[in-house]
Amino acid sequence: MARRTKVYEGKAKILYEGPEPGTLVQYFKDDATAFNAEKRDVIDGKGVLNNFLSEFVMNGLNQMGVPTHFIRRLNMREQLIRSVEIIPLEVVVRNIAAGSMSKRLGIEEGTALPRPIIEFYYKDDALGDPLVTEDQILAFNWASHQDLDDMVALAVRVNDFLSGVMLAVGIRLIDFKIEIGRQFDGDMQRLVVADEISPDSCRLWDVKTGQKLDKDVFRRDLGDLADAYSEVARRLGVMPKSPTPITRPKLMN
Ligand code: UDP
């Protein structure tokens, strides 16, 4: 493979320079981390599954007119994306109480919220990505009033799309996180959905059984993470085809 320039390496993905100016190649690793990287493991096949699942969601969003950084999938582990300037905020949308909100506010996990709730977290590993207020965001210039309006609008549209897509295959979208980037076109900038949208960044529960099909399987040691992600991919019809099918040897009688 030709040598490429690595632009950035995160916990689950690597970004390389893309083939044309303004593009990047996003590579999905098998690494899983949780609790600010205190818990870590390598889960065979996770990167491939997230590449395909994120492609499916980003393509759907693009088709619905919700702008994303996604251009196209290149291979099992890589996708071509537009280079954007990431806003240093994680945008979390919650439909059902779970995780940190349940803990912080003492609301039992699984309680339906009266309306979707949007929260912002400041992206800073050293600080453990703290929850921040809109006033703090404006005061510290992480985003403008207009950016905040646009971010909320994007988050609501992603929630509407993703919750519908998941419900259609018997999955409840409990909550999710997105990252948003600035895409520059001359003097103009627009905000687009960036990073990835996959079971690494969503909570997904089976409608009938409540079984968790997301990264909580890893965080809480509930079973095989790749099996859970494969089930989501299978239901959505986006199972990646193995280039070399694994065939077990058969016992001859
Ligand atoms: N989330 C994420 N990355 C983070 C923090 C949260 O993708 O760094 C996702 C998480 O998977 C869940 C949602 O955002 O779908 C809300 O997470 P929460 O605040 O409950 O935090 P957690 O309990 O995961 O620490």
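An account of the accompanying structure is given in this report.

Reading guide: rules and limits
Residues numbered from 1 in each chain as written. Predicted model: local features only at pLDDT ≥ 70, side-chain atom pairs only at ≥ 80, totals over all residues. Heavy atoms only, no water. Near = heavy atom within 4 Å. Polar contact = N/O pair within 3.5 Å; in protein donor to acceptor, adjacent residues only side chain to side chain. Areas by Shrake-Rupley, 256 points an atom, 1.4 Å probe, with all protein chains shown as cover. Helix = DSSP H or I, 4+ residues; strand = E, 2+ residues; numbered from the N terminus. Nonpolar A, V, L, I, M, F, W, Y, C, P; charged D, E, K, R; others polar. 1 Å grid on protein atoms, 1.4 Å probe; cavity = no way out; pocket = protein on both sides within 12 Å on 5 of 7 lines; lining within 4 Å. Points joined across faces, edges and corners; volume = space filled by probe spheres on them. Salt bridge = Lys/Arg side-chain N within 4 Å of Asp/Glu carboxyl O. Buried < 20%, exposed > 50% of the residue type's maximum accessible area, 1.4 Å probe, protein only.

Around the ligand, the structure places 16 residues, and the nearest of them are Arg94, Ser100, Asp175, Arg203 and Arg219. One of the side-chain N or O atoms of Arg203 is found 2.8 Å from an oxygen atom in the ligand. When isolated, the ligand has an accessible area of 500 Å², and the protein chains bury 77% of it. Only strand 8 (85-96), helix 2 (99-105), strand 11 (171-185) and strand 13 (202-206) provide two or more residues apiece to the shell around the ligand. In terms of residue class, the shell around the ligand is built from 5 nonpolar, 3 polar and 8 charged.

Tallying each qualifying case throughout the model produces 1 cavity of 30 Å³ or more. Of the volumes computed, that of the largest cavity is approximately 50 Å³. Lining the largest cavity, in full, are Leu53, Val57, Met166, Ile197, Ser198, Pro199, Cys202, Leu204 and Val232. Sorting the residues of the lining of the largest cavity by element identifies helix 1 (46-63) and strand 13 as the ones contributing at least two each. Residue composition of the lining of the largest cavity, grouped by class: 8 nonpolar, 1 polar and no charged.

The tally for this structure, following the rule as stated, stands at 25 salt bridges. With a shortest N-O distance of 2.7 Å, Lys13 and Glu196 are connected by a salt bridge. In this pair, Lys13 is assigned in strand 2 (residues 13-17) and Glu196 in the loop between strand 12 (188-194) and strand 13, connecting sequence segments 183 residues apart. Judged by its relative accessible area of 12%, Lys13 falls in the buried class. A salt bridge links Lys123 to Glu179; its shortest N-O distance comes to 2.9 Å. Linking Lys123 in the loop between strand 9 (112-122) and strand 10 (131-132) with Glu179 in strand 11, this pair joins segments that are 56 residues apart in sequence. Under the relative-accessibility criterion, Lys123 is labelled partly exposed at 31%. Looking at Glu179, the relative accessible area reads 6%, which means it is buried. Taken together, the shared-partner salt bridges connect Arg94, Glu109, Glu119, Asp175, Arg203, Asp216, Arg219 and Arg220 into one network.

Just distances and angles here, no functional claims.
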